[in-house]
Amino acid sequence: MNFGSIIYWLWYFFGFWRDRCEYEVLLVHSSRRRKSRNYTNMTFFVREARPTDIMNKGISRVNLDYWTETYNAGFYLQYLVTWPDLFLVAVDPNNVIIGYIMGKVEGDGPNWHSHITALSVDMFHRRCGIASDIMKRFEQASNRRKGHFCDLYVRVSNQTAVDMYKKMGYVIYRRVLEYYSGEPSEDAYDMRKPLDRDVDRMSVRPAPKDPINSDELFED
């Protein structure tokens, strides 16, 4: 039995996620109806992720485009156990996952921040406001954790995503050389958005060094 399976069964038998139902109900009450090229009246709900979302591959089914990486179940479960309030899913009225966001908190002092590890929306449910909604909820959770800012990495070639993040208030802080491995490798933009705690917007002032190598990220 691998590490991910052990976490899943421990979580299942102790019923930890059931104790969070009251919080999930609060999230469900704020549904959204949007107009899009795919749905004239789209309704979706946002809640915290559950182990069954991962074990039934509800998360990985959303990752069908070139830009989104799919991780193993143990990786997702580690995030779910450690930062459950930063792992949110958007579901349709039939409880089918159509988008998700997951992240973590890290750093110390003024560098204490939340990092968005993955954000993905099903290709048939885009332009419905799902990404902006779950991003806002992620930022609200990050504010409760007293972070100074949110950050994320995005491929420099993914201009659609860069533009979307800019509309949400994120700015390009610096360029990270060869952040994405492969043939060929690709640079990433380190994008940031100040949170409530950073009233002076110190986190988005010009980076001391730009661009940087990917191994220099660990020196922050």
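Further up the page is the structure itself.
Below you will find a few notes about this structure.

Reading the values: rules and limits
- Residues numbered from 1 in each chain as written.
- Predicted model: local features only at pLDDT ≥ 70, side-chain atom pairs only at ≥ 80, totals over all residues.
- Heavy atoms only, no water.
- Phe/Tyr/Trp six-rings, centres within 6.5 Å; stacked < 30°, edge-to-face > 60°.
- Helix = DSSP H or I, 4+ residues; strand = E, 2+ residues; numbered from the N terminus.
- Lys NZ or Arg CZ within 6 Å of the ring centre and 35° of its normal.
- Buried < 20%, exposed > 50% of the residue type's maximum accessible area, 1.4 Å probe, protein only.
- Pairing = 2+ DSSP bridges.
- Core = buried A, V, L, I, M, F, W, Y, C linked by side-chain atoms within 4.5 Å.
- Contact = heavy atoms within 4.5 Å.
- Expected span 1.5 Å × (residues − 1).
- Polar contact = N/O pair within 3.5 Å; in protein donor to acceptor, adjacent residues only side chain to side chain.

Things to note about the packing of aromatic side chains
Any pair of aromatic rings gets described here by the distance separating the centres and the angle formed by the planes. Summed over all chains, the structure comprises 10 aromatic pairs. An angle of 80° between the planes, with centres 6.5 Å apart, marks the rings of Phe 75 and Tyr 76 as edge-to-face. Geometrically, the ring pair formed by Tyr 153 and Tyr 179 is tilted, given 4.6 Å between the ring centres and 35° between the ring planes. Here the residue Tyr 153 occupies a position in strand E6 (residues 149–155), and Tyr 179 occupies one in strand E7 (residues 171–180), the gap between them amounting to 26 residues. Within the aromatic cluster, the residues linked to one another by ring pairs are Tyr 71, Phe 75, Tyr 76, Tyr 79, Trp 83, Phe 87 and Tyr 100. Note that Arg 192 overlies the ring of Tyr 173, its terminal NZ or CZ placed 3.7 Å from the centroid.

Comments concerning the pairing of strand E4 (residues 97–106)
In terms of burial, E4 is a largely internal element, 8 of the 10 residues being buried. Hairpin connection from strand E3 (residues 87–91) to E4: 5 residues lie between these consecutive antiparallel strands, with Asn 95 at a positive phi of about 65°. In the sheet, E4 pairs with strand E5 (residues 113–121) via 8 bridges, with the strands oriented antiparallel. For Met 102, the partnering residue across the bridge sits in E5 and is Ala 118. Hairpin connection between E4 and E5: a loop of 6 residues separates the two successive antiparallel strands, and Gly 107 in this loop has a positive phi of roughly 90°.

Some words on the nonpolar core
One finds Phe 87, Met 135, Tyr 165 and Tyr 170 to be the most contacted residues of the largest nonpolar core, which totals 46 residues. If sequence neighbours within four positions are ignored, Phe 87 has contacts with Arg 47, Glu 48, Ala 49, Ile 54, Ile 59, Tyr 76, Tyr 79, Leu 80, Tyr 100, Ile 101 and Met 102. Val 176, Ala 188, Ile 212 and Leu 217 belong to the second-largest nonpolar core, a separate cluster that totals 6 residues.

Looking at helix H5 (residues 130–144)
Over its 15 residues, H5 runs 22 Å from end to end, which matches the ideal 21 Å to within 8%, given 1.5 Å per residue. Positive phi shows up at Lys 146, right after H5, with a value of about 65°.

Some words on the environment of Ala 73
Summarising the element assignment, Ala 73 is placed in helix H4 (residues 73–82). Distance in space between the C-alpha atoms of Ala 73 and Pro 51 is 9.3 Å, their sequence separation being 22 residues. The residues touching Ala 73, leaving out its near neighbours within four places in the chain, are Ile 54 and Met 55.

Section: the side chain of Arg 47
Mapped onto the secondary structure, Arg 47 falls in strand E2 (residues 42–48). The class for Arg 47 is buried, based on a relative accessible area of 3%. Looking at Arg 47, its side chain comes within polar contact range of the side chain of Asp 53, at 2.8 Å.

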